[in-house]
Amino acid sequence: MGTPLKTSFEEDGFVIVPGLITAEEFPRLERACADVISRTRKGEWPYRRTVGKQFPPYGDGDPDSWGVQHVMHPDLGQPAFSEWYTSTALINAVKTLLGCEEEQLQMELFNLLINPVAHNFALRWHRDDIPGDTSEEEERHALDAWKPNGIQWNTALYKDSCLFVVPGSHMVPRSPEQRLHSKGQDPPTNPLDMPGSIRVSLQPGETVFYNSNILHCAAYNAQAPRTTLHASMGNIAGGSVRARNVLQHGLNWMKEPQFNNGLDPRGKAMLARLLDLYNTVGDAGVGYSLSG
Ligand SMILES: O=C(O)CCC(=O)C(=O)O
Ligand SMILES: [Fe+2]
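Please read these numbers as outputs of a predicted model, since none were measured by experiment.

Asker: For this particular structure, what's the right way to read the coordination of the iron ion (ligand 2)?
Answerer: Where a metal carries four tetrahedral donors, each ideal angle is 109.5 degrees; where it carries six octahedral donors, the ideal angles are 90 or 180 degrees. Distances from the iron ion (ligand 2) to its protein donors, His126 (NE2), Asp128 (OD) and His216 (NE2), fall within 2.1 to 2.2 Å. Counting along the primary sequence, the residues that act as donors to the iron ion (ligand 2) give the motif H-x1-D-x87-H. Taken together, the residues Asp128 in the loop between strand S5 (121–126) and helix H5 (136–145) and His216 in strand S10 (residues 216–220) connect sequence positions 88 residues apart.

Okay, structure coming up:
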């Protein structure tokens, strides 16, 4: 894998890569997903994304869920997730796209995106890190200030056509019409009404890596099974601010020895980089690092 992939990721804000799950890993991940999805749907796993809520806190209302959070959590007892997260094919793809060395990679989040079973649900058009009501000037400033210190991805175990993106939108403020389609709280009736939008369709085993600033939305159909691995990884160049953003929402379990003990040497090193950065600033950093 070389430069064309990175160029396309940088220019379009997303890129599709096949083949990051080996033939041995696939059935193990399938079994691990089936187990944690079933526990979540039965209401036995509290860390989940609930229908009706786009962003955290997700609350514990209706157990119908569109996501399972923290799949590497030791309480789920499914090592297949951390083993795949630290697998060579995946690490090599991330290194290529971030343009960094393995010694710079830090462990971040690993969740699952699943179909709700009782309700269709949709996310409105958004950028993950810039609110929809941001002024054009602030939006331009935030987009210009963004540094490629992290990457997120969706890897589909089964065919997945839930995600929509506007290619190239991670670098430019929204046009007045795009702004109209991404302002309110309501999901779109038809995502393709957004100017410039396309649907991202993944075949089993394909991964879409995307920039968190790309304009995107998603539509979930209760009748179409979805089991999609959803994770992020960072470059330590993102410093303690990025590390703290990862760890600020109920991720204390990542700091416990039990989690570290279950990781392979590569995983332990990636976790140590995250925790070292998190701890670097100490209390002195809290005032500014969490303000953004
Ligand atoms: O369901 C998806 O593919 C996208 C999810 C998403 O946009 C988000 O979690 O912010
Ligand atoms: Fe998003």
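Asker: What is the right way to read the packing of aromatic side chains from this model?
Answerer: Applying the stated rule across the entire model yields 11 aromatic pairs. Aromatic pair Trp66 and Tyr220: ring centres 5.3 Å apart, planes at 20°, arrangement stacked. Here the residue Trp66 occupies a position in strand S3 (residues 65–68), and Tyr220 occupies one in strand S10, the gap between them amounting to 154 residues. Every member of this aromatic cluster is reached through a ring pair, and the members are Phe81, Trp84, Tyr85, Phe110, Trp153 and Phe209. One Lys or Arg, Arg244, reaches over the ring of Tyr278 and ends 4.8 Å from the middle of that ring.

Asker: What's the story with the state of the cysteines in this structure? I'm lost.
Answerer: A covalent bond bridging the sulfur atoms of two cysteines is what the word disulfide describes. Enumeration according to the criterion identifies zero disulfides in this entry. With no disulfide of its own, Cys162 lies closest to Cys217 among cysteine sulfurs, the gap being 11 Å.

Asker: Is there a simple way to explain the environment of Ala32 in this structure?
Answerer: For Ala32, the position within the fold is in helix H2 (residues 25–41). The spacing of Ala32 and Val71 is 39 residues in sequence and 9.1 Å in space, taken between C-alpha atoms. When residues no more than four places from it in sequence are discounted, the contact partners of Ala32 are Gln78, Ala80 and Phe81.

Asker: Explain the pattern of salt bridges here, please?
Answerer: Oppositely charged side chains can form a pair if their charged atoms are brought close together. Counted by the stated rule, this structure contains 10 salt bridges. Two residues, Glu139 and Arg127, come together in a salt bridge whose shortest N-O distance is 2.6 Å. With a gap of 12 residues between them, Glu139 in helix H5 and Arg127 in the loop between S5 and H5 connect regions that are remote in the sequence. As far as the burial class goes, Glu139 and Arg127 line up, both buried. Measuring nitrogen to oxygen at the nearest pair gives 2.8 Å for the salt bridge that ties Arg226 to Asp160. Linking Arg226 in the loop between S10 and strand S11 (227–235) with Asp160 in strand S7 (residues 160–165), this pair joins segments that are 66 residues apart in sequence. A cluster of three or more residues bridged by salt bridges with shared partners is formed by Arg127, Glu139, Arg174 and Arg179.

Asker: Honestly, the packing of helix H7 (residues 239–247) against helix H9 (residues 265–280) in this entry has me stumped. Any pointers?
Answerer: In helix packing, the relevant descriptors are the interaxial angle and the interaxial distance, both defined with respect to the helix axes. Direction vectors running N to C along H7 and H9 enclose 105°, while the axes themselves pass 8 Å from each other. Put simply, H7 runs roughly perpendicular to H9. Facing Gly239, Ser240, Ala243, Arg244, Val246 and Leu247 of H7, the residues of H9 in contact are Leu274, Leu275, Leu277 and Tyr278.

Asker: Help me understand H7, please; the structure alone is not making it clear to me.
Answerer: Side chains of residues three or four places apart in an α-helix project in the same direction, reflecting 3.6 residues per turn. Of the residues making up H7, those classed as buried are Gly239, Ser240, Ala243, Arg244, Val246 and Leu247. When H7 is viewed along its axis, its buried side chains cluster within an angular range of 155° and face the same direction.

Asker: Hey, could you run me through empty space enclosed by the protein in this one?
Answerer: Over the atoms rolls a probe the size of a water molecule, and in doing so it shows where empty space is left. Counted according to the given criterion, the structure contains one cavity of 30 Å³ or more. Size it by volume and the largest cavity reaches roughly 50 Å³. Lining the largest cavity we find Trp125, His126, Arg127, Ile130, Pro131, Gly132, Glu139, Arg174, Ser182 and Leu215. The residue makeup of the lining of the largest cavity, split by class, is four nonpolar, three polar and three charged.

Asker: Can you help me understand the sheet that holds strand S9 (residues 207–210) in this one?
Answerer: The strands making up a sheet are joined through hydrogen bonds of the backbone, oriented either antiparallel or parallel. Read from one edge of the open sheet, seven strands run S1-S9-S6-S11-S4-S3-S2, paired in antiparallel fashion. Two strands lie at the open edges of the sheet, namely strand S1 (14–17) and strand S2 (48–50), each paired on one side alone. In this sheet, adjacent strand axes meet at a mean angle of 20° when their direction is disregarded. Across three bridges, S2 lies against S3 in antiparallel orientation. Paired with Arg49 across the strands is Gly67, a residue of S3. In the packing of helix H1 (residues 3–12) onto the sheet, the strands contacted are S1, strand S6 (150–156) and S9, and the crossing angle to S1 comes to about 140°. Of the strands in this sheet, strand S4 (105–114) and S11 touch H9, which is tilted by about 105° from S4.

Basis of the calculations
Residues numbered from 1 in each chain as written. Chains lettered and ligands numbered in written order. Predicted model: local features only at pLDDT ≥ 70, side-chain atom pairs only at ≥ 80, totals over all residues. Heavy atoms only, no water. Donors = N, O, S within 2.8 Å, 3.2 Å for Na, K, Ca; no water. Helix = DSSP H or I, 4+ residues; strand = E, 2+ residues; numbered from the N terminus. Phe/Tyr/Trp six-rings, centres within 6.5 Å; stacked < 30°, edge-to-face > 60°. Lys NZ or Arg CZ within 6 Å of the ring centre and 35° of its normal. Disulfide = S-S within 2.5 Å. Contact = heavy atoms within 4.5 Å. Salt bridge = Lys/Arg side-chain N within 4 Å of Asp/Glu carboxyl O. Buried < 20%, exposed > 50% of the residue type's maximum accessible area, 1.4 Å probe, protein only. Axes fitted to C-alpha atoms, helices over the stretch in contact; angles between N-to-C directions. Parallel < 35°, antiparallel > 145°, perpendicular 65-115°, else oblique. Arc of directions from axis to C-beta. 1 Å grid on protein atoms, 1.4 Å probe; cavity = no way out; pocket = protein on both sides within 12 Å on 5 of 7 lines; lining within 4 Å. Points joined across faces, edges and corners; volume = space filled by probe spheres on them. Nonpolar A, V, L, I, M, F, W, Y, C, P; charged D, E, K, R; others polar. Pairing = 2+ DSSP bridges.

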